[in-house]
Amino acid sequence: MERSIQMVDLKAQYYKLKEEIDNALISVAEGTAYINGPQVKDFAKDLKQYNKVKHVIPCGNGTDALQIAMMALNFKPGDEVIVPAFTYIATVEVIALLGLTPKFIDVREDTFEIDYDQLGNVISEKTVGIVPVHLFGQCSNMEVLLKISKKYNIAIIEDTAQAIGAEFIFKDGTRKFAGTIGDIGTTSFFPSKNLGCYGDGGALFTNDEQLSEKAYMIANHGQREKYHHETIGVNSRLDTLQAAILQIKLRHLNNYSRARQNVADRYDERLKGHSEIIIPFRAPYSTHVFNQYTCRIKSDNRKALKQYLTSKGIPSMIYYPIPLHLQEAYRTYGYKAGDFPVAERLCEEVISLPIHTEMKHEDQDYIIEEILNYFKTAK
Ligand SMILES: *Cc1c(COP(=O)(O)O)cnc(C)c1O
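Residues numbered from 1 in each chain as written. Predicted model: local features only at pLDDT ≥ 70, side-chain atom pairs only at ≥ 80, totals over all residues. Heavy atoms only, no water.

Participant: Talk me through the sheet that holds strand β1 (residues 55-59); I want residue IDs and the actual numbers.
Facilitator: An order of β1-β9-β8-β5-β4-β2-β3 is seen for the seven strands of this open sheet, with the pairing classed as mixed. Edge positions in the open sheet fall to β1 and β3 (101-105), since each of these has one partner strand only. With strand direction ignored, the average angle separating the axes of adjacent strands in the sheet is 25°. Here five bridges tie strand β2 (residues 80-84) to β3, and the two strands are oriented parallel to one another. In the strand pairing of β3, Val83 is matched with Phe104. Packing against the sheet, helix α3 (residues 38-51) makes contact with β1 and β9 (202-206), and its axis sits at approximately 135° to β1. (Pairing = 2+ DSSP bridges. Helix = DSSP H or I, 4+ residues; strand = E, 2+ residues; numbered from the N terminus. Axes fitted to C-alpha atoms, helices over the stretch in contact; angles between N-to-C directions. Contact = heavy atoms within 4.5 Å.)

Next up, the structure:
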């Protein structure tokens, strides 16, 4: 049997919806409203309903969404924004681009989220924002972060690029969708995200009317009315074509989340308790939508395991190999090795296994067997 295992199987996912998607694409082509066509508004409305949030502002991608959020919040050069040292680069990039000062903070070893216990040491008079990243598909502890944000009057921008559809569970049992809890939330529709389009796309979420209007304006050249520019903005739009695809895929998002969770449960079942593998930690305050299934390999085995899996036709990824504070481009901020020991160690230990909505049981069993085989022979 010819086996082809991928980190993400977008082709099989497309084929399941092919007819519906093809028709939507043709209808956009024939309608010619390629920019800001009706599908963009319709999709924003659908997503608003799904996420139970007052406002959804579509934009060009998840990185732009972060930038627009910080511009809408009126952050000014010199202001400080707190960001985890272990995440994707986009989170800190826009902070630097806007002339704000990134203040890195270490992450928690179990959930990989901002270590909120250390916030007290990082918050200063100049702090204007905190960016919790709901990394790999699980919410950060928003209840704790909301308390801190109120106490110090600091805005919270939730980076929800990897966690659309995840729900935060408050102590009283109330649930809210990732990205709708802080002042503003951002997400990405990059193809490999949980709700992915066929190119770039992004959106912002907020319950704050003013912030929503501001963000909408900024994403559209700072104009509310055509050719009347009230503020300096950017050009960041969700294509009509992408919106048409997303409208269809949003209807399947719950199934997609469930499919990912099933794959994660199956990995958990077979890998838990293994002396060499730490499986992903499930926080009691969040559902997990598993954009990634990220294990930690305790010993020096990671590189060899990765090579072994590659030789067996099994892809794996290192998200992320270098913490943000040690990235070349961010040297100027004065951080050094040893500053964030947990983030630094995670970069040495993490390995993400294939997980997607179309995973076949036999392929996953093969992956699991080969992982176990590796450790049998490695000893
Ligand atoms: C993907 C991602 C982004 C950026 O999204 P793009 O649409 O690729 O710009 C930002 N933050 C995190 C955590 C991401 O995973």
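Participant: If you had to explain the sheet that holds strand β13 (residues 293-297) to someone new, which residues and values would you point to?
Facilitator: The three strands are arranged β12-β13-β14 in an open sheet whose pairing can be described as antiparallel. Among the strands making up the open sheet, the edge pair consists of β12 (277-278) and β14 (350-353). Relative to β13, β12 runs antiparallel, the two sharing two bridges. Bridge pairing in β13 links Ile278 to Arg296. In the packing of helix α11 (residues 302-311) onto the sheet, the strands contacted are β13 and β14, and the crossing angle to β14 comes to about 20°.

Participant: Kindly report on the nonpolar core, identifying the contributing residues and their values.
Facilitator: By size, the foremost hydrophobic cluster in this structure holds 70 residues, and its most contacted members are Phe86, Ile157 and Tyr267. Residues from two domains meet in this core; each of domain 1 (10-250) and domain 2 (253-378) gives at least three. Apart from the residues within four sequence positions on either side, Ile157 is in contact with Leu66, Ala69, Met70, Leu73, Phe75, Ile130, Val131, Pro132, Ile184 and Thr186. Counting 23 residues, the second-largest nonpolar core is a separate cluster that includes Ile82, Ile114, Ile154 and Ile181. (Core = buried A, V, L, I, M, F, W, Y, C linked by side-chain atoms within 4.5 Å. Buried < 20%, exposed > 50% of the residue type's maximum accessible area, 1.4 Å probe, protein only. Domains from an automatic or database assignment.)

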